[in-house]
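What the coordinates show
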Amino acid sequence: MDKHFIIETLKKQLAEYKPEIEQANIGKVLKIGDGIASVSGLSEVMASEMLEFVTPNESVYGVALNLEENQVGAVILGDFKAIKEGGLVKSTGKVLSVPVGKELLGRVVNPLGQPLDNKGPISFRKAELYPVERKAPGVIVREPVTTPLHTGIKAIDSVIPIGRGQRELIIGDRQIGKTALVIDTIINQLQDTGRKAPVCIYVAIGQKQSKIARIVEELKSRGAMERTIVVLASAADAAPIWYIAPYAGCAMGEYFMDKGEDALVIYDDLSKHAWAYRQISLLLRRPPGREAYPGDIFYLHSRLLERAAKLNKANGGGSLTALPLIETQLSDISAYIPTNVISITDGQIYLDPELFYQGTRPALNVGLSVSRVGSSAQTKAMKKVASRLRLELAQHRELQSFVQFASELDEATRKRIERGQRLTEILKQPPYAPIPFEKQVCLIYAGVNGYLDSLPLEKISEFESQFFQYLEDRKGDMLSKIRETGDLTEEIEKDLKSAIEFQIHAINAGN
């Protein structure tokens, strides 16, 4: 190559060279292990700021949690094995944020918004980022919870109603149907009445990937996945990923709330979230407290669940409903984490192992379950039938505890017990079979008004299936009126009575 040409090329490059100054806050890794890094030299770093760990291949990100005098304690959100002691760390100047938007609907992502479902990358048209830690809406921008969120589960919609913007805890031992309840709720949103169906975000914390794969397939088969985002921090992931998962899911839900829409976020479950935070805190050398949890364990969940809200019209009128799950050990709801979350939420749905093994499924213990929003989040039609249902079930429960010691019963007591048995029977429901609220109203009306008293107990489920089929085939207009008006008028009531009597006659004639 010509020597003159090389010299001219070098001169041209030198003439065009413009020095660029990049200012960066750079530190050094002092210690690394178990997904935790101690970093020195980052004097201007913020709490919850994203840190970039420079590695030979690609950068690994972490989050600054401990801000100490001479060093920073950070958790690693990725493969920490590539990070070495003495390696460089850059502060990014940004708090940890996740991508949000409608593009996430129908996808399975990790808490950082990266896809896990082999459907290719998610193309965000408008790259919108929400911080995972965000201040909860204040009192002034909220309004009372009045719009029902129908779960499709008879026992919940009638006795423990949930409203849009509420925080309702689902608590119980493992393997007694907590996840089945929330999956039913997601499926039921497609057939919900009134407002547009809410967007559902299911956050799986420490769950097996095989279990989540089954849930996703179930949602796909019911057509519910199109309005659902699954955020997965699997059992194989590190504790920092478990830790940020519910906050990331909440941020994705807040996007829809800010747009004036309704969103439902499910945290399955917060017990594992607390375990992950305990592990991180102990590795960061934070002082342990009761059950080795750190002192701010209450704040961990309160700052998450307080973000659920019903915004007033001036602020868009959107809502974010939270359904946290907590796993108890041997039905001990007085343990540390369960009592913490019970005190934060607007009520709890308690699943009782004894009822579950007796065959009452869903195994709701109506005595220990409560909704602090109450009937204000129910339609008029459900209020009319549910108030009597609560009373009947309470009397049945009270009488049953005395009956076991009595040898003979008077007629009135026997009738009350039999009525209670039939009401308990109609509240039973198989998993993944949510029932629209208008059908629930019709069935509970038949129960509380004594129409089922003449039927044998073993015929109740047969009556229910045939009655629902009859209503669909012959009384579609009546169901539509209940669904649209949300009320039981005298005309509808008269029509409903004739339908119940016809079906009971048909069952008795079949005997």
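Parameters and conventions
- Residues numbered from 1 in each chain as written.
- Predicted model: local features only at pLDDT ≥ 70, side-chain atom pairs only at ≥ 80, totals over all residues.
- Heavy atoms only, no water.
- Helix = DSSP H or I, 4+ residues; strand = E, 2+ residues; numbered from the N terminus.
- Buried < 20%, exposed > 50% of the residue type's maximum accessible area, 1.4 Å probe, protein only.
- Contact = heavy atoms within 4.5 Å.
- Areas by Shrake-Rupley, 256 points an atom, 1.4 Å probe, with all protein chains shown as cover.
- Lys, Arg positive; Asp, Glu negative; His and termini not counted.
- Charge placed at Lys NZ, Arg CZ, Asp CG, Glu CD.
- Pairing = 2+ DSSP bridges.
- Axes fitted to C-alpha atoms, helices over the stretch in contact; angles between N-to-C directions.
- Salt bridge = Lys/Arg side-chain N within 4 Å of Asp/Glu carboxyl O.
- Patch = residues over 30% accessible without salt bridge, like charges linked within 9 Å, V, L, I, M, F, W, Y side chains within 5 Å.
- pLDDT = per-residue confidence, 0-100.
- Core = buried A, V, L, I, M, F, W, Y, C linked by side-chain atoms within 4.5 Å.
- Phe/Tyr/Trp six-rings, centres within 6.5 Å; stacked < 30°, edge-to-face > 60°.
- Lys NZ or Arg CZ within 6 Å of the ring centre and 35° of its normal.
- Expected span 1.5 Å × (residues − 1).
- Arc of directions from axis to C-beta.
- Polar contact = N/O pair within 3.5 Å; in protein donor to acceptor, adjacent residues only side chain to side chain.

Here we come to the overall build of the chain. Scanning the chain from N- to C-terminus turns up 15 helices and 17 strands. Each principal axis of the C-alpha atoms in the chain carries an extent, and together these give about 110 × 50 × 45 Å. The proportion of buried residues among the 511 residues of the chain is 53%. Considering only contacts in the chain between residues 6 or more positions apart, those separated by 24 or more positions represent 74%. Here the chain displays about 24300 Å² of accessible surface, and carbon together with sulfur accounts for 52% of that area. Separation between the mean location of the 63 positive side-chain charges and that of the 64 negative ones in the chain comes to 2 Å.

Turning our eyes to something else, we now look at the sheet that holds strand E6 (residues 88–95). Read around the barrel, six strands follow the order E1-E2-E5-E4-E3-E6 and close on themselves; strand pairing throughout is antiparallel. Sheet twist, expressed as the mean angle between neighbouring strand axes with direction ignored, is 45°.

What follows covers unusual backbone geometry. Cis geometry is adopted by the peptide bond preceding Asp 269, which originates at Asp 268 and carries an omega value of -5°. The backbone phi angle of Ala 292 is positive, close to 70°, even though this residue is not glycine. For Ala 292, the position within the fold is in the loop between helix H6 (270–283) and helix H7 (297–305). Ala 292 sits in the partly exposed class, given a relative accessible area of 30%.

Quick look at the pattern of salt bridges now. In this structure the tally under the stated criterion is 28 salt bridges. Here Lys 102 makes a salt bridge to Glu 261, at a shortest N to O gap of 3.6 Å. One end of the pair, Lys 102, is in the loop between strand E7 (97–100) and strand E8 (108–109); the other, Glu 261, is in the loop between helix H5 (239–258) and strand E13 (262–268), and 159 residues separate them in sequence. Judged by relative accessible area, Lys 102 falls into the partly exposed class, the value being 47%. Take Glu 261: its relative accessible area is 17%, and that puts it in the buried class. Across the salt bridge formed by Arg 307 and Glu 254, the nearest N and O atoms sit 2.9 Å from each other. Taken as a pair, Arg 307 in the loop between H7 and strand E14 (309–310) and Glu 254 in helix H5 lie far apart in primary sequence, 53 residues in all. Just as Arg 307 is buried, Glu 254 falls in that class too.

Moving on: a nonpolar patch on the surface. On the surface, Phe 5, Ile 6 and Leu 10 cluster together to form a nonpolar patch covering roughly 290 Å² of accessible area. Within the secondary structure, Ile 6 is located in helix H1 (residues 3–16).

Below, the discussion takes up the confidence of the model for the chain. When pLDDT is averaged along the chain, the result is 90; 96% of the residues meet or exceed 70. Per-element averaging of pLDDT across the chain places H1 at the bottom with 77 and strand E15 (residues 319–327) at the top with 97.

Moving on, we come to the environment of Leu 389. Mapped onto the elements of the fold, Leu 389 is located in helix H10 (residues 380–403). Residue classification places Leu 389 among the buried residues on the basis of a relative accessible area of 0%. For Leu 389 and Thr 424, which are 35 residues apart along the polypeptide, the C-alpha to C-alpha distance reads 9.9 Å. Beyond its immediate sequence surroundings of up to four residues, Leu 389 is in contact with Ser 158, Val 159, Leu 423, Leu 427, Ile 444 and Val 448.

One finds Tyr 202, Ile 349, Phe 463, Phe 467, Leu 488 and Ile 500 to be the most contacted residues of the largest nonpolar core, which totals 72 residues. Per-element accounting of this core gives the leading share, eight residues, to helix H12 (residues 437–448). Discounting residues that sit within four places of it in the chain, Tyr 202 has contacts with Thr 179, Val 182, Ile 183, Ile 186, Ile 212, Ile 215, Ile 229, Val 230, Val 231, Ile 266 and Asp 268. Listed in part, the 64 residues of the second largest apolar core include Met 50, Ile 201, Ile 229 and Ile 342.

Right, let's get into the packing of aromatic side chains. Following the criterion strictly, the structure yields ten aromatic pairs and no others. When the ring centre of Tyr 293 is taken as origin, the NZ or CZ atom of Arg 278, which lies over that ring, is 4.2 Å away. Directly above the ring of Phe 356 sits Arg 361, whose terminal nitrogen or CZ lies 4.0 Å from the centroid.

With that settled, consider helix H15 (residues 490–510). The end-to-end C-alpha distance of H15, which contains 21 residues, comes to 30 Å, matching closely the 30 Å that a straight helix rising 1.5 Å per residue would cover. Among the residues making up H15, those that are buried are Ile 492, Leu 496, Ala 499, Ile 500, Gln 503, Ile 504 and Ile 507. Along the axis of H15, the buried residues cluster in a sector spanning 130°; they form a single face. The outward face of H15, more than 90 degrees from its buried face, is lined by the exposed residues Glu 490, Glu 491, Lys 494, His 505 and Ala 509. Structurally, H15 contributes buried residues whose contacts are with H12, helix H13 (460–474) and helix H14 (476–485).

Our focus in this paragraph is the side chain of Asp 173. Structurally, Asp 173 can be placed in the loop between strand E10 (169–172) and helix H3 (178–188). At 7.1 Å, Lys 178 is the nearest oppositely charged side chain to Asp 173, a buried residue that forms no salt bridge. Within the structure, Asp 173 has its side chain in polar contact with the backbone nitrogen of Ser 331 (distance 2.8 Å).

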